[in-house]
Amino acid sequence: LHALILACASGTTTTPPLAPTPEPPPTQQATPAALSSVEYHFQDASVPPPYHRSIPIRVSLDSVDYVIDSYGDVVAEAHAPGSQATLDQAIAAYQAAGFALLPPSTEPECTGGTSQSVKVKQGSLIAFSGTLSDCGASETGLTGDMKGFAQAIKALAPEPTDPSL
């Protein structure tokens, strides 16, 4: 209290302490150690079975899951134990892709096409989620190296097989 009175009496001012900087919401800059899963999901156009495919591949510390389905019917799948090394490789692929969300498109919606999504989680929280939609001649929703990311994630997963075999 005496120091404050003396500072005021001498005419000097002090700068108030800065307020703590609020933590930014989780984004792709989240620390790799905090990330718990990386998911790639391919969805193709609405076409009749057996041609329609939905392919989620999820890499976590506990497991690597690769499923191919057609309108909810599992066509092929593979599951393997996860590891820190595998999760680290998935996180590195995600970070190397340099994903960024694009503003919403002003183009009319397109029917058909394909989409590829990425979702990264920190525990139960979504650290990043985005979808690259490819319809006609335009890609919307997300920028970054989706092709390289998809190849890297597929390389980490076991080859899926028909579950009926």
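Residues numbered from 1 in each chain as written. Predicted model: local features only at pLDDT ≥ 70, side-chain atom pairs only at ≥ 80, totals over all residues. Heavy atoms only, no water.

**Q** What should I look at first to understand the nonpolar core in this one?
**A** Inside soluble globular proteins, nonpolar side chains tend to come together where they are buried. Counting residues in each nonpolar core, the largest one holds 29 residues, and the members touching the most others are Val38, Tyr94, Phe99, Val118, Val120, Phe149 and Ile153. Of all the secondary structure elements, the ones that give two or more residues to this core are strand 1 (37-43), strand 2 (54-60), strand 3 (63-70), helix 2 (84-97), strand 6 (114-122), strand 7 (125-135) and helix 3 (146-156). Ranked by residue count, the leading element in this core is helix 2, at six residues. When sequence neighbours within four positions are dropped, the list of residues in contact with Val120 reads Leu35, Ser37, Val38, Tyr94, Leu125, Ile126, Ala127 and Phe128. (Core = buried A, V, L, I, M, F, W, Y, C linked by side-chain atoms within 4.5 Å. Buried < 20%, exposed > 50% of the residue type's maximum accessible area, 1.4 Å probe, protein only. Helix = DSSP H or I, 4+ residues; strand = E, 2+ residues; numbered from the N terminus. Contact = heavy atoms within 4.5 Å.)

**Q** Looking at this model, I keep getting lost on the pairing of strand 3. Mind explaining?
**A** Remember that side chains alternate between the two faces of the sheet whenever the strand is regular. The element strand 3 is largely enclosed, with a buried count of seven among its eight residues. By the bridge criterion, four bridges tie strand 2 to strand 3 in an arrangement that is antiparallel. Note that in strand 3 the partner of Ile57 across the bridge is Tyr66. Hairpin connection, strand 2 to strand 3: the antiparallel pair is bridged by two residues. Taken together, strand 3 and the strand that follows it, strand 4 (residues 73-81), pair antiparallel across an intervening segment of two residues, in which Tyr71 is found at a positive phi of about 50°. (Pairing = 2+ DSSP bridges.)

In short, shape yes, function no, at least from these values alone.
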